[in-house]
Amino acid sequence: TRPAELVTRLHEDTRHVAIVFDGLPERPVAARLLDVLEKHHAPAVFFVEGQNAANQPETIRLIYEAGQELGNYTFVGVRAAEKLSVRRLLSELCRTQTAVAALSPQTPSLFRAPRTVYTEELLRAVSAAGISCAVKENVRCEAGSFRDADAAAAFAAAVPPGSIIAVALSRPVELPAADPVQDTAQPAVDKKPTVKDPPPVRQTPPPPNAADALDWLLTALEAAGMQVTDIHDFRKIRYIPAPLAPEGPGKGGA
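The structure presented is a predicted model; accordingly, all values stated were derived computationally and were not measured.

On a plain count of helices and strands, the protein comes out with 7 helices and 10 strands. Residue burial in the protein is summarised as follows: out of 254 residues, 51% are buried. Carbon and sulfur atoms make up 51% of the accessible area of the protein, which totals about 12,000 Å².

Structure below.
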């Protein structure tokens, strides 16, 4: 299986940025965030956990009907997904695809996982799960982290042009000390993993001012001459094995 492509930041000669949300918020918070996005005519991607999607079908429909995109954030929002066994990773990906597709006409074409290194093996599993691209942010912030408009403006002033900004709406799930599933599956063919459900995960809800903070941030970005752009207009690159990556000050890669 060919690795999924990696969506990454634009060159700094552009005044465009993209917004992605990490984790599915509760419906009232989602509604307020969607209102702010509509106010600013800003597209965004909500990367949602499959488990939370299944438990909040109304929120999934609300996001889709608002014209925003749904992405795959693994089944429980697991941190450091590259450390999962291939079988567990495919289970996380495929079950989230199924959960979202069952609740909206949209099957995710984009993947993210918190604090994850996008290795070749991980990107091959993403592709095997029917997902075309993984998204790598270069700027991240917590929902509701700005106390006022001035704090948001200070943050926006430091955002490089061409950035992908990830707004964390939930707390990542830590990987267990040992993955209980023995990895005997092949990433290109094992699309129906049989892994037991993990226990429900209690995630810290975003603060009540998450929508206000988003409004301040988008206003500040606009004042700085930045335009929020569809993530699909950003660069897509193929995985570059580490030994072949360029060296020196201009070093790049995933």
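Our focus in this paragraph is the nonpolar core. Among the nonpolar cores identified, the biggest contains 40 residues, and Ile19, Phe21, Leu37, Phe46, Val48, Leu218 and Leu221 are the most heavily contacted of them. Those residues in contact with phenylalanine 46 that sit more than four places away from it in its chain are Phe21, Pro25, Leu33, Leu34, Leu37, Ile63, Gln68, Glu69, Leu70 and Gly71. Counting residues in each nonpolar core, the second largest holds 24 residues, with Phe75, Val76, Val86 and Cys94 among its members.

Glancing now at helix H5 (residues 120-128). Within the sequence span of H5, burial applies to Leu122, Leu123, Ala125, Val126 and Ala128. In this structure, the buried residues of H5 make contact with helix H4 (86-103), strand E5 (110-111) and strand E6 (133-135). One or two positions beyond H5, positive phi appears at glycine 130, with a value near 85°.

Attention now moves to the environment of valine 36. Assignment of secondary structure puts valine 36 in helix H1 (residues 27-39). When its relative accessible area of 9% is taken as the criterion, valine 36 is described as buried.

Let us look at H4. The first and last C-alpha atoms of H4 sit 26 Å apart over 18 residues, in line with the 26 Å expected at 1.5 Å per residue. Within H4, 13 of the 18 residues are buried, which leaves it mostly tucked inside the rest of the structure.

Ring pairs (aromatic) are described by centroid distance and by the angle formed between their planes. Scanning the entire structure with this criterion turns up 3 aromatic pairs. Ring plane angle 55° and centroid distance 6.1 Å describe the contact between phenylalanine 111 and tyrosine 118, whose orientation is recorded as tilted. Side by side, phenylalanine 111 and tyrosine 118 carry an identical accessibility label, which is buried. Over the face of the ring belonging to phenylalanine 75 we find arginine 95, whose NZ or CZ atom lies 4.1 Å from the ring centre. For the cation-ring pair, arginine 112 lies above phenylalanine 47, with the distance from its terminal atom to the ring centre recorded as 6.0 Å.

Attention shifts here to the confidence of the model for the protein. Put simply, the protein has an average pLDDT of 85, and 81% of its residues get 70 or more. This model gives residues 243-254 a pLDDT under 50, and the stretch forms 7 contacts once residues within four places in sequence are excluded.

What follows deals with the pattern of salt bridges. Going through the model one piece at a time under the given rule, you end up with 9 salt bridges. When the shortest N-O distance is used, the salt bridge between arginine 238 and glutamate 5 registers 3.8 Å. Of this pair, arginine 238 sits in the segment after strand E10 (235-237) while glutamate 5 is found in strand E1 (residues 5-8), placing the two residues 233 residues apart along the sequence. Here arginine 238 falls in the partly exposed class, since its relative accessible area comes to 34%. The class for glutamate 5 is partly exposed, based on a relative accessible area of 23%. Aspartate 212 is the salt-bridge partner of arginine 32, the closest N and O atoms lying 3.1 Å from each other. In this pair, arginine 32 sits in helix H1 while aspartate 212 sits in helix H7 (residues 210-223), placing the two residues 180 residues apart along the sequence.

The rules we used
Residues numbered from 1 in each chain as written. Predicted model: local features only at pLDDT ≥ 70, side-chain atom pairs only at ≥ 80, totals over all residues. Heavy atoms only, no water. Helix = DSSP H or I, 4+ residues; strand = E, 2+ residues; numbered from the N terminus. Buried < 20%, exposed > 50% of the residue type's maximum accessible area, 1.4 Å probe, protein only. Areas by Shrake-Rupley, 256 points an atom, 1.4 Å probe, with all protein chains shown as cover. Core = buried A, V, L, I, M, F, W, Y, C linked by side-chain atoms within 4.5 Å. Contact = heavy atoms within 4.5 Å. Expected span 1.5 Å × (residues − 1). Phe/Tyr/Trp six-rings, centres within 6.5 Å; stacked < 30°, edge-to-face > 60°. Lys NZ or Arg CZ within 6 Å of the ring centre and 35° of its normal. pLDDT = per-residue confidence, 0-100. Salt bridge = Lys/Arg side-chain N within 4 Å of Asp/Glu carboxyl O.

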